[in-house]
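Summary of structural features
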Amino acid sequence: MTHSPRGGRQAGDLVLHVYMLLFFAYMFLPLIAMMLAGVNDYSPPSITVWKGFTLRWFSALWQDARMWSGLANSLMIAGAVVALSLPMGLAGALLLSKLGRRSAGLLYIIMVSPLLTPGLIIGIATVTLWSQLGVSGGVLTAILAQSAFISAYAMLMFMARLQRQDITLEEAALDLGATPARAFRRITLPFLRPTMISAAVIAFLQSFENYNTTIFSIGGDHTLVTEIGARMRFGISPMINAIGIIFVALTVICAVLWGVLRKRGIARQA
């Protein structure tokens, strides 16, 4: 008995369609449930008990001063983390790329180790160190704690980009009389610009949504994420669902803008 190739393809297509359906359901059903609960006039959040459509949770969020101060702290910390992580990550990537494979092995492990360290350990270690120097936990220690491991993400991204660089261009510039700083500024930095943008975005998002490290290093201050975590201990409020709706909307808007700009860039190159 022989099996038809067409029948095999149909079975494979069916399995693929079922898998994609389950995948998208797993990804988006929780978001849809969260968004519906955020506009349901019922507390605690629910989609099984529907009391009618409302926007009052957004109004309550607008009037919540502590949430706004947490958002301001989150933005300030994320901006500072980007400003620290990118130079540190670039410096580490340049150092490792200049060293030989044997020399860079142990140093690479040391510099990547913050990624493997639990966030709470980094947070506690940061507060312990700086408290000995008279600096109490707050926004500053949160910035330092986050930068300790987020800079490693940036370093890995820069290293991946540097491995594709044609070093003969920089060597040619040096042979023609350019200083190392000028060759780096005119050749290497433009080559790294796309990675710098990507690393900045990833560092910002990693900092903004970080909880484990921040909660142990920020002391008496708070960010948006730690404030939400603190309130979750007393039950979920529909106002938190409203925050989720806002961030989903912002994500969609940014994705659409990126797609439009990318298409325009491709059209200009064509």
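Residues numbered from 1 in each chain as written. Predicted model: local features only at pLDDT ≥ 70, side-chain atom pairs only at ≥ 80, totals over all residues. Heavy atoms only, no water.

In the nomenclature of an unreviewed UniProt entry, the chain is known as ABC transporter permease subunit of Paracoccus litorisediminis. Quoted straight from UniProt, the Subcellular location (unreviewed entry) entry for the chain says "Cell membrane". The Sequence similarities (unreviewed entry) field of the UniProt record for the chain holds the comment "Belongs to the binding-protein-dependent transport system permease family. CysTW subfamily." (UniProt positions renumbered as here; feature names shortened; annotations may be inferred.)

Glancing now at the overall build of the chain. Within the chain one finds 11 helices and 0 strands. Along its sequence from the N terminus, the chain presents helices and strands in the succession α-α-α-α-α-α-α-α-α-α-α. Taken over the C-alpha trace, the chain has a radius of gyration of 24 Å; the compact-globule value for 270 residues is 18 Å, which it surpasses by more than 25%. Projected onto its principal axes, the C-alpha coordinates of the chain cover approximately 75 × 75 × 45 Å. Across the 270 residues in the chain, those meeting the buried criterion constitute 30%. (Helix = DSSP H or I, 4+ residues; strand = E, 2+ residues; numbered from the N terminus. Rg over C-alpha atoms; globule rule 2.2 N^0.38 Å. Buried < 20%, exposed > 50% of the residue type's maximum accessible area, 1.4 Å probe, protein only.)

Counted under the stated rule, the structure contains 7 aromatic pairs. Residues Phe23 and Phe24 carry aromatic rings whose centres are separated by 5.4 Å and whose planes lie at 75 degrees to one another, so their mutual orientation is edge-to-face. Since its relative accessible area comes to 36%, Phe23 is described here as partly exposed. For the ring pair Phe149 and Tyr153, a centre distance of 6.5 Å and an interplane angle of 70 degrees mean the geometry is edge-to-face. On the criterion of helical spacing, the pair formed by Phe149 and Tyr153 is a turn pair, its members being 4 residues apart in helix 6 (residues 139–162). Aromatic rings pair up to connect Tyr19, Phe23, Phe24 and Phe28 into one cluster. When the ring centre of Trp57 is taken as origin, the NZ or CZ atom of Arg56, which lies over that ring, is 3.9 Å away. Over the face of the ring belonging to Phe191 we find Arg161, whose NZ or CZ atom lies 4.0 Å from the ring centre. (Phe/Tyr/Trp six-rings, centres within 6.5 Å; stacked < 30°, edge-to-face > 60°. Lys NZ or Arg CZ within 6 Å of the ring centre and 35° of its normal.)

Time to look at the environment of Leu90. Within the fold, Leu90 resides in helix 3 (residues 65–98). With 67 residues separating them along the chain, Leu90 and Met157 place their C-alpha atoms 8.9 Å apart. Filtering out sequence-adjacent residues up to four positions away, Leu90 remains in contact with Phe158, Phe184, Leu189 and Leu192. (Contact = heavy atoms within 4.5 Å.)

This brings us to unusual backbone geometry. The linkage connecting Ser43 with the following residue, Pro44, adopts the cis geometry, with an omega of 5 degrees. Considering the arrangement of structural elements, one finds Pro44 in the loop between helix 1 (5–38) and helix 2 (56–62).

In terms of nonpolar packing, the biggest core is built from 25 residues, with Ile77, Leu86, Ala93, Met155 and Phe158 touching the most fellow members. Where this core is concerned, the elements lending two or more residues are helix 3, helix 4 (101–116), helix 6 and helix 8 (180–208). Of all the elements, helix 6 adds the most residues to this core, at 11 residues. Setting aside residues no more than four positions away along its own chain, Ala93 makes contact with Met155, Phe158, Met159 and Leu162. (Core = buried A, V, L, I, M, F, W, Y, C linked by side-chain atoms within 4.5 Å.)

It is the contact of helix 3 with helix 8, at a shortest axis distance of 9 Å, that shows an interaxial angle of 140 degrees. In terms of orientation, helix 3 and helix 8 fall into the oblique class. As for how helix 3 packs across helix 8, the hand of that crossing is right-handed. For the pair helix 3 and helix 8, contact is made by Leu71, Ser74, Leu75, Ile77, Ala78, Gly79, Val81, Val82, Leu86, Leu90 and Leu94 and by Phe184, Leu189, Leu192, Met196, Ala199, Ala200, Ala203, Phe204, Ser207 and Phe208, respectively. Within the contact of helix 3 with helix 8, the residues separate by chemical class into 18 nonpolar, 3 polar and no charged. (Axes fitted to C-alpha atoms, helices over the stretch in contact; angles between N-to-C directions. Parallel < 35°, antiparallel > 145°, perpendicular 65-115°, else oblique. Left-handed = near helix turned anticlockwise from the far one by under 90°. Nonpolar A, V, L, I, M, F, W, Y, C, P; charged D, E, K, R; others polar.)

The positions that UniProt labels "transmembrane region" (unreviewed entry) are, in the present scheme, residues 14–37, 75–96, 108–130, 136–156, 191–208 and 239–261. End C-alpha atoms of residues 14–37 are separated by 33 Å, and the span's content is 100% helix alongside 0% strand. A helix fraction of 100% and a strand fraction of 0% characterise residues 75–96, whose end C-alpha atoms lie 31 Å from each other.

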